[in-house]
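# Overview (structure and organization)
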Amino acid sequence: MLVKGKAFIVTGGLGAIGKACVLLLLEKGAIPVVFDRLNESDAKAVLKEAGAEAALYVKTDITDVKATEQACGVALQRIPKGSLAGGIHCAGIAPGRKWSHKLVDSAADFEKVFKVNAYGTFAVDACIADAINSQYPDDGPFGPRVTEERGCIVNIASVVAKPVPGRCLTYGPSKTAVLGITEGMADFLGPFGIRVNSVAPAVVASALMGPDRLPYFQNELETGCIYPRRVSQPAEVAGGCLFLIENSMMNDHHLRVDGGWRGTTLWSETHDPRAKAISLE
Ligand SMILES: NC(=O)c1ccc[n+]([C@@H]2O[C@H](COP(=O)([O-])OP(=O)(O)OC[C@H]3O[C@@H](n4cnc5c(N)ncnc54)[C@H](O)[C@@H]3O)[C@@H](O)[C@H]2O)c1
C-alpha cells in the first residue's frame, strides 16, 4: 500500500513509540491523526517539540468507545475525503506494583490494564475500521467482497504477550488479548479489504517503562536477547509498523521487533530471579 497522501490514526501518538510512528508517516508523505489524552494546546506543544507539528490532533480516551467513534468522525472531517486508510494503535498502560506473593493483590490492576490494553484495542480497531468503511458505499451485511485495498490497522502488543512471564501477571495477558483481537479483526475485516496486524516490541525507553524498571530490563536483555542485546529505539518499532502497512500481503501477522528476546523468566539461577524485578506488572 502506498501511504503517501493517505491518513492514519495513531493512538497514543504523544508517547515514545506513537511519536516515532507519526514522524515516519510524515516522512512518507502520509497524514497522521493523533488520538491521545492531553488537551489540544499541550498536545500540539509535544508534537512541535518532536518535529511533528504537521500532524493533526484529536483528544480522546480510547477506553470510551463513543468518544473514540466521535474522534474518528472529527478526523474524517479534517482529512481529505476518502483518505483514511488505517491506524497504528499505540495507546497502552503498564502500571507496576511492588512484588507481592498474594495474587489477589493484582486483581485491581488486572481490571484497569484490561480496560485500556484489551478493551481499548477492540474499541480502537472497531472505530477505525467502521470509519474507513464509512468512506465507501454500504452494501449491507454480507455484501460483495471488495476487490480494492481499503486499509491496514496495526496493534502494538508486546513480547510478553506470549509467553507471559510471571512478573507480567496483568500486562502480559492484556497483550495476549491484543493478539486475539488482531486475529479476529483480520478475519472479520478481510472481505472489506482491511488488513490487521500486530507488532511486539521488546523494551523501549519510555514513560510507560519508567526510569526505575529500565536497569532491571537492561540486565534481562543482555542475558536473554539473541542480538542486538539492548533496548530498542522507538523508530525501530515504528519501522516494523510501516512495513506491515506498506506490504499488502501482510495480514493477520504478528511481527516481533525484539532482537530475539523471549522475555521469559531466567530460571537457571539458583535463587528466584524475579527478586531483582523492580515491580510486578
Ligand atoms: N515501552 C516498552 O518497552 C514497550 C514494550 C512492549 C510494548 N509496548 C507497548 O507499546 C505501546 C506504546 O508504549 P510507549 O512505550 O510508547 O508508552 P508511552 O507511555 O510513551 O505512550 C503511551 C501513550 O498512550 C497514551 N494513552 C494511554 N492510555 C490512553 C487512553 N485511555 N486514551 C488515549 N491515550 C492513552 C498515553 O497518554 C501515552 O501518550 C503500548 O501499547 C505499550 O504497551 C511498550
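Read on for a plain summary of the structure. (Residues numbered from 1 in each chain as written. Predicted model: local features only at pLDDT ≥ 70, side-chain atom pairs only at ≥ 80, totals over all residues. Heavy atoms only, no water.)

### A look at the packing of helix 1 (residues 16–27) against helix 7 (residues 234–246)
A pair of packed helices is captured by two measures, namely the crossing angle of their axes and the spacing between those axes. Using the following cut-off: Axis lines are fitted through C-alpha atoms, for helices just across the contact stretch, and the angle between N-to-C directions can take any value from 0 to 180 degrees. In this description a helix means any DSSP run of H or I spanning at least four residues, a strand means any run of E spanning at least two, and both kinds are numbered starting from the N terminus. Just so you know how the angles are binned, under 35 degrees is roughly parallel, over 145 roughly antiparallel, 65 to 115 roughly perpendicular, and the rest oblique. Helix crossings fall into two classes, left-handed where the near helix is turned counterclockwise from the far one by less than a right angle and right-handed where it is turned clockwise. For this analysis, residues touch if any pair of their heavy atoms sits within 4.5 Å.
Viewed as axis vectors pointing N to C, helix 1 and helix 7 meet at an angle of 60 degrees, and their least axial separation amounts to 8 Å. For the element pair helix 1 / helix 7, the angle class is oblique. Between helix 1 and helix 7 the crossing geometry is right-handed. From helix 1, Ala16, Ile17, Ala20, Cys21, Leu24 and Leu25 reach across to helix 7, where they touch Pro234, Ala235, Val237, Ala238, Gly239, Cys241 and Leu242.

### Side note on the layout of surface pockets
Selection criterion: Every definition here rests on a 1 Å grid over the protein atoms only: cavities are sets of points where a 1.4 Å probe fits but cannot get out, pockets are open sets enclosed by protein on both sides within 12 Å along at least five of seven lines, and lining residues have some atom within 4 Å of a point. Grid points are joined across faces, edges and corners, and a volume is the space filled by probe spheres set on the points. Residue polarity is assigned by list, with Asp, Glu, Lys and Arg as charged and Ala, Val, Leu, Ile, Met, Phe, Trp, Tyr, Cys and Pro as nonpolar; anything else, Gly included, falls into the polar class.
A volume near 790 Å³ is recorded for the largest pocket. Split into classes, the residues belonging to the lining of the largest pocket amount to 26 nonpolar, eight polar and seven charged. Size it by volume and the second largest pocket reaches roughly 560 Å³. Considering the residues around the second largest pocket, the lining is formed by 22 residues, among which Asn133, Gly140, Phe142, Phe188 and Phe192 are closest to the centre. Secondary structure elements with two or more residues in the lining of the second largest pocket: helix 4 (107–133) and helix 5 (171–189). Element by element, the count of residues in the lining of the second largest pocket is highest for helix 4, at four residues. Taken together, the residues of the lining of the second largest pocket break down into 13 nonpolar, four polar and five charged.

### Let's talk about the packing of aromatic side chains
Under the convention used in this document: Two rings belonging to Phe, Tyr or Trp (six-membered ring only in the last case) form a pair when the distance between their centres is within 6.5 Å. Interplanar angles under 30 degrees mark stacking, angles over 60 mark edge-to-face geometry, and anything in between is tilted. The buried label goes to any residue with under 20% of its type's maximum accessible area, the exposed label to any with over 50%, and the partly exposed label to all in between, with areas taken from a 1.4 Å probe on protein chains only.
Scanning all chains against the criterion turns up four aromatic pairs. Pairing Phe110 with Phe114 gives two aromatic rings, centres 4.2 Å apart and planes at 20 degrees, and the pair type is stacked. Separated by four residues within a single helix, Phe110 and Phe114 lie in helix 4, roughly one turn from each other. Owing to a relative accessible area of 33%, Phe110 belongs among the partly exposed residues under this scheme.

### Topic: the pairing of strand 6 (residues 194–201)
We apply this condition: Only strands that DSSP links by at least two bridges are regarded as paired with each other. Seen with its strands pointing away from the viewer, a crossover is right-handed when the path leading from the first strand over the helix to the second is clockwise.
The element strand 6 is extensively covered by neighbouring structure, given that eight of its eight residues are classed as buried. By the alternation rule, side chains of strand 6 split into Ile194, Val196, Ser198 and Ala200 and Arg195, Asn197, Val199 and Pro201, which are all buried. Relative to strand 6, strand 5 (residues 151–156) runs parallel, the two sharing six bridges. Residue Gly151 lies in a different strand from strand 6, and its bridge partner there is Ile194. Taken together, strand 5, helix 5 and strand 6 form a β-α-β motif whose crossover is right-handed. Both strand 6 and strand 7 (residues 254–257) contribute to a ladder of four bridges, which runs parallel. Note that in strand 7 the partner of Ser198 across the bridge is His254.

### Section: the sheet that holds strand 4 (residues 84–89)
Strand order in the open sheet made by the seven strands is 3-2-1-4-5-6-7, with parallel pairing throughout. Of all the strands in the sheet, just strand 3 (56–59) and strand 7 have a single pairing partner and so form its edges. Taking the axes of each pair of neighbouring strands and ignoring which way they run, one obtains an average angle of 20 degrees across the sheet. Relative to strand 5, strand 4 runs parallel, the two being bridged by four bridges. Counted as the bridge partner of Gly86 is Cys152 from strand 5. Sheet contacts for helix 5: strand 5, strand 6 and strand 7; angle to strand 6, the most-contacted strand, approximately 160 degrees. Along the sheet face, helix 7 touches strand 1 (7–11), strand 4, strand 5, strand 6 and strand 7 and points at about 160 degrees away from the line of strand 6.

### Here's the deal with empty space enclosed by the protein
The tally for this structure, following the rule as stated, stands at one cavity of 30 Å³ or more. Volume-wise, the largest cavity comes out at about 40 Å³. Residues of the lining of the largest cavity, tallied by class, amount to four nonpolar, one polar and three charged.

### Quick look at helix 5
Which entries qualify depends on this criterion: Expected span of a helix: the number of residues minus one, times 1.5 Å.
Over its 19 residues, helix 5 runs 27 Å from end to end, which matches the ideal 27 Å to within 8%, given 1.5 Å per residue. Listed as buried for helix 5 are Tyr171, Gly172, Ser174, Lys175, Val178, Leu179, Ile181, Thr182, Met185, Ala186 and Leu189. The elements touched by buried residues of helix 5 are helix 4, strand 5, strand 6 and strand 7.

### Considerations on the site of the ligand
Our working definition: Neighbouring residues are identified by heavy atoms, a residue being near a molecule or strand if any of them is within 4 Å of it. Under this definition, polar contacts are N or O atom pairs within 3.5 Å; protein pairs additionally need one hydrogen-donor-capable and one acceptor-capable atom, and for neighbouring residues in sequence, both atoms have to be side-chain atoms. Per-residue and other accessible areas were derived by the Shrake-Rupley procedure at a 1.4 Å probe size, with only the shown protein chains allowed to occlude residues.
Around the ligand, a shell composed of 28 residues is seen, among which Asp36, Tyr171, Lys175, Val204 and Ser206 lie nearest. Interatomic distance of 3.0 Å between a backbone N/O atom of Ile62 and a nitrogen atom of the ligand. At 3.2 Å from an oxygen atom of the ligand is found a main-chain nitrogen or oxygen belonging to Cys90. When the free accessible area of the ligand is taken as 830 Å², the share hidden by the protein chains comes to 94%. Counting residues per element, the ones that place at least two in the shell around the ligand are helix 1 and helix 5. In terms of residue class, the shell around the ligand is made up of 17 nonpolar, seven polar and four charged.

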